[in-house]
Amino acid sequence: MTESSTSNESKARYSDDIYEEAANWHVNTGEEKIYPKKAAGKWRRLKWITHGIWLILFIGPYLRWNGQQAILFDIPNRQFHIFGLTILPQDVWMLALVLLFFAMLLAAVTTIAGRVYCGFFCFQTAWTDLFIWLEDKIEGPPAKRRKLDAAPWTAEKLRKKSLKLLVWFVISVLTGISFVAWFTDARQLWHDLLTFNASAIEYGVIALFIAGTMLLAGKLREQTCFWLCPYARIQGVMYDKETILPTYDFHRGEPRGRLKKGQLVEGNGDCIDCKQCIAVCPTGIDIRMGQQEGCITCSLCLDACDAVMEKIGRPTGLIRYASMDEMEGKTQLPLLKRPRVLIYLTILVLSIGGIIYGLTSLGHIEVKVLHGRTPLFVQRSDGTIQNKYDVKILNKTTDDISIKVTASGIEGMVLKGAEKPLLARKGNTGSYIMFINAPAENIKDERTPITFKIVNLDDPTQTSSYESMFFAPKP
Amino acid sequence: MSDNSNPHGQTTGHVWDETLAELTNPPPKWWMLGLHASWILVVLYTLYYPSWPLVSSHFKGLAGWTSIGEFKKDMKEVTDIRAKYEDKLPGMSAAAILADDELKNYVMRSSKVLFGDNCAACHGSGGAGNPGYPALVDDDWLFGGSIELIEQSIAAGRKGMMPKMGGAQLSDAEIDKLATAIHNGTITEEPLYAAKGCIGCHGPDGKGMAALGSANLVDKIWRFKAKDQLASIKATIAHGVNDPTDPNTRKAEMPAWKGRLTDTQIKKLAVYVHALGGGQ
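In this text, all values refer to a predicted model and were calculated from it rather than measured experimentally.

## Details of the overall build of chain B
1) Next: Helices and strands together make up the secondary structure of chain B, namely 12 helices and two strands.
2) Next: Along chain B, from the amino end to the carboxyl end, the secondary structure elements read β-β-α-α-α-α-α-α-α-α-α-α-α-α.
3) Next: The dimensions of chain B, computed from C-alpha atoms along their principal axes, are 120 × 55 × 40 Å.
4) Next: Taken across its 280 residues, chain B has 34% of its residues classed as buried.
5) Next: Partitioning the intrachain contacts of chain B with sequence separation of at least 6 by distance along the chain shows that 51% fall at a separation of at least 24.
6) Next: Looking at chain B as shown, the accessible area adds up to about 16900 Å², and 61% of this sits on carbon and sulfur atoms.

Have a look at this one:
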């Protein structure tokens, strides 16, 4: 070594500082099992209600509409059925808007109130909460659960553990079947499953869901939010100083200290270091260390702390939704004066406008016309000019229908190939070759616009039109 | 050189940027599992698929997979889908196929490749024709535009003949007169038309005769289209078409396809050509 001893010393000190800081910051990488305490209070109640949104997953596939499954994502036939609407690959731009809408909604909500999605709506949180609730019912409160896990295997332990796994398994199976039911006829699926006639893909997907649900909600739990989920980190960078988050009010709480003889010690803050906020935390963090990656903003510590504050006769809200600005004593900008909120809102409104426009203008039938090339036009012996067209008719209705095609644009022109009504099969694009003959003397230009119009003969209110071109030699 | 003063374990002794020391901890278990899973997968893969080169050949793989085998399987899938139509075609006449909307549509879509391989070189990919080669998309047919006659033209080929009229038969002035009349569409009013025997093949109405393959002289379509159409007409009259005695004669021959294509292929092409836009 050539460096001087002082430089070596200072190096060692720097690195020690860094290692020390890292060492004091404990992050649970799965070596420590979290036994969250059952929480009670208004946030817990709200959370059960918001988790209820996932009941749609279980109920949705069984809704019927006009004798068909109300919502069916029919991948093999490339059709989405949503309450009588049929969405075909041609309408997929609306899916892009739907995705944009939800991405922006996530951004907007996160910038206003943090990881609301994680804490209140995410399936990982919902299923984990349900699994832990069941665990609590079967194995008892955290202390008992700890003891049971540490205890040697007895008949009682085996009974409790297998009962828990069985209940979890049933939920996982239902989750898998419900998911698959969105993509195939739900009644038929149950019939096939019960008679062991379902396809290998269906069994495979259900098996994957069982494994995934058991592993993610039963075993990995908070570790999913720590290490697996990208949204956990993405949302973290959407916070700013105005974002309200579950925050420990250290001005009020510190210095913390236990009660002496049931009374707050003179000079201490309101935090009595009862650690109830840690006990109920599903990710096992200490909110009093400040906002951190492990916090999914589930708000259960708010309930726990408020209950304690009421007991010791102090005002609630020692842990509450507050922004960093508020903690620093600054005034909050109103929501609608924050540029980020306004930008997110604008995009939200635009995307939802697009979706509404798309849904209301979804036609039942659609025509597109490709003009035939090589040659662009044909000189016929009687002096007329002929153009060839490939008329593509899309039938989005649920029946085979007959279609009448007409065209207009040049005086005296004749459309050939559309003399008989055409049969358009349901959910299909049919392609029909047609010709237009136009008298040369009536053609004014090298290119003349031609409008094709189709009418559903079974329901004349359904029409669609398309503008194409008629090509001719230079007059 | 190992610096063991670090409380977190052995270091390699390397320090970067003053503070970063490298620990000699083993790689994480999941990472090692991934490594082993990877090489095991490679071994299994090379056992399953053809892989290792041997002295004169290569290891064929336990699954017996070959790329040509996969290609044939895919082709069979296509053939199976088409079979429901293809099986009907040999027993049907071209006219019957044309009358059946579904079969006609099938032939229109599936014969594009056949047309491209065999016909497009002369007649153009869309049937628009080329200099010297007639268009198939218009309604002017030298040998008739019915489905039967088109099928016959493809199967047996066509070679029309027009004797050269230049030199001994017609003077230059007479050729000028006739050509101008044809160009103006008034050939039937030209006395030379009957006097010089043109009428024998092209008919009193000037519309030609399908049985002979003689051209229609009064419509808007030119068999030998050129920028200077008048000069082209003169050249045709002077040197004839396929006249063996004149080296400058027009050459116009459609080869016979019977023997080169199957009867069903010819039938499909006849339907395809008929439906290009000018079939009668």
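## Description of the packing of aromatic side chains
1) Next: Scanning the model with the defined rule gives 20 aromatic pairs over all chains in all.
2) Next: Both rings, one in A:W65 and one in A:F83, keep their centres 5.4 Å apart while their planes meet at 90°; by these two values the pair is edge-to-face. Taken as a pair, A:W65 in strand β1 (residues 64-65) and A:F83 in the loop between β4 (79-82) and β5 (85-87) lie far apart in primary sequence, 18 residues in all.
3) Next: Between A:R44 and the ring centre of A:W48, over which it is positioned, the NZ or CZ distance is 3.9 Å.
4) Next: Note that B:R260 overlies the ring of B:W257, its terminal NZ or CZ placed 4.4 Å from the centroid.

## So, the domain arrangement of chain B
1) Next: Looking at the assigned domains, one finds that chain B contains domain 1 (1-65), domain 2 (70-158 + 256-278) and domain 3 (172-239).
2) Next: A separation of 85 Å is found between the C-alpha centroids of domain 1 of chain B and domain 3 of chain B.

## Considering the sheet that holds strand β15 (residues 447-456) of chain A
Strands pair in a sheet through their backbones, by hydrogen bonds, and they do so in one of two ways: parallel or antiparallel.
Residues and elements named next belong to chain A.
1) Next: Read across the open sheet, the four strands follow the order β13-β11-β15-β16; overall the sheet is antiparallel. Both edges of this open sheet fall to β13 (422-424) and β16 (463-471), since each of them pairs with a single strand only. Shown here is a sheet whose adjacent strand axes are inclined to one another by a mean of 35°, direction ignored.
2) Next: Bridging between strand β11 (residues 401-408) and β13 involves three bridges; their strand directions are antiparallel.

## A look at a nonpolar patch on the surface
All names here are of chain B.
1) Next: On the surface, W30, W31, L35, W39, I40, V43, L44, L47 and L62 cluster together into a nonpolar patch covering about 970 Å² of accessible area.
2) Next: Locating W39 in the fold gives a position in helix α1 (residues 29-48).
3) Next: Judged by relative accessible area, W39 falls into the partly exposed class, the value being 47%.

## Digging into the environment of B:K29
1) Next: You can see B:K29 is positioned in helix α1.
2) Next: With a relative accessible area of 68%, B:K29 lands in the exposed category.

## Observations concerning the side chain of B:H202
Residue and element names in this part refer to chain B.
1) Next: Structurally, the position occupied by H202 is in helix α10 (residues 198-202).
2) Next: Within the structure, H202 has its side chain in polar contact with the backbone oxygen of A215 (distance 2.9 Å).
3) Next: The contact partners of H202, leaving out residues within four places of it in the chain, are M162, Y193, K207, G208, S214, A215 and L217.

## So, the sheet that holds β5(A)
Residues and elements named next belong to chain A.
1) Next: Spatially, three strands are ordered β3-β4-β5 in an open sheet, and the strand pairing comes out antiparallel. Taken across any chain shown, the strands that pair with only one partner, and hence form the sheet edges, are β3 (71-74) and β5. If you compare each strand with its neighbour and ignore which way they point, the axes differ by 15° on average.
2) Next: As judged from the three bridges shared by β4 and β5, these two strands associate in the antiparallel manner. If you follow F80 over to β5, its bridge partner there is I87.

## Examining the domain arrangement of chain A
Residues and elements named next belong to chain A.
1) Next: Assigned domains of chain A: these are domain 1 (29-236), domain 2 (245-331) and domain 3 (365-471).
2) Next: Once you take the C-alpha centre of each, domain 1 and domain 2 turn out to be 31 Å apart.
3) Next: Each side of the interface is counted separately: domain 1 has 23 residues, and domain 2 has 20 residues.
4) Next: Around 1800 Å² of area is buried between domain 1 and domain 2 when both sides are counted, 61% of it from carbon and sulfur atoms.
5) Next: On the domain 1 side of the contact with domain 2, K37, W43 and R115 bury the most area, a combined 32% of that side's loss.
6) Next: In this assembly, domain 1 and domain 2 are joined by one salt bridge.
7) Next: We note a salt bridge from R233 to E293, for which the minimum N-O separation is 2.8 Å.

## Some details on the environment of A:K42
Residues and elements named next belong to chain A.
1) Next: The topology assignment puts K42 in helix α2 (residues 42-51).
2) Next: For K42, a relative accessible area of 54% translates into the label exposed.
3) Next: Considered as a pair, K42 and G236 are 194 residues apart in the sequence and their alpha carbons are 25 Å apart.

Analysis parameters
- Residues numbered from 1 in each chain as written.
- Chains lettered and ligands numbered in written order.
- Predicted model: local features only at pLDDT ≥ 70, side-chain atom pairs only at ≥ 80, totals over all residues.
- Heavy atoms only, no water.
- Helix = DSSP H or I, 4+ residues; strand = E, 2+ residues; numbered from the N terminus.
- Buried < 20%, exposed > 50% of the residue type's maximum accessible area, 1.4 Å probe, protein only.
- Contact = heavy atoms within 4.5 Å.
- Areas by Shrake-Rupley, 256 points an atom, 1.4 Å probe, with all protein chains shown as cover.
- Phe/Tyr/Trp six-rings, centres within 6.5 Å; stacked < 30°, edge-to-face > 60°.
- Lys NZ or Arg CZ within 6 Å of the ring centre and 35° of its normal.
- Domains from an automatic or database assignment.
- Pairing = 2+ DSSP bridges.
- Axes fitted to C-alpha atoms, helices over the stretch in contact; angles between N-to-C directions.
- Patch = residues over 30% accessible without salt bridge, like charges linked within 9 Å, V, L, I, M, F, W, Y side chains within 5 Å.
- Salt bridge = Lys/Arg side-chain N within 4 Å of Asp/Glu carboxyl O.
- Polar contact = N/O pair within 3.5 Å; in protein donor to acceptor, adjacent residues only side chain to side chain.
- Buried area = accessible area lost by both parts, 1.4 Å probe.

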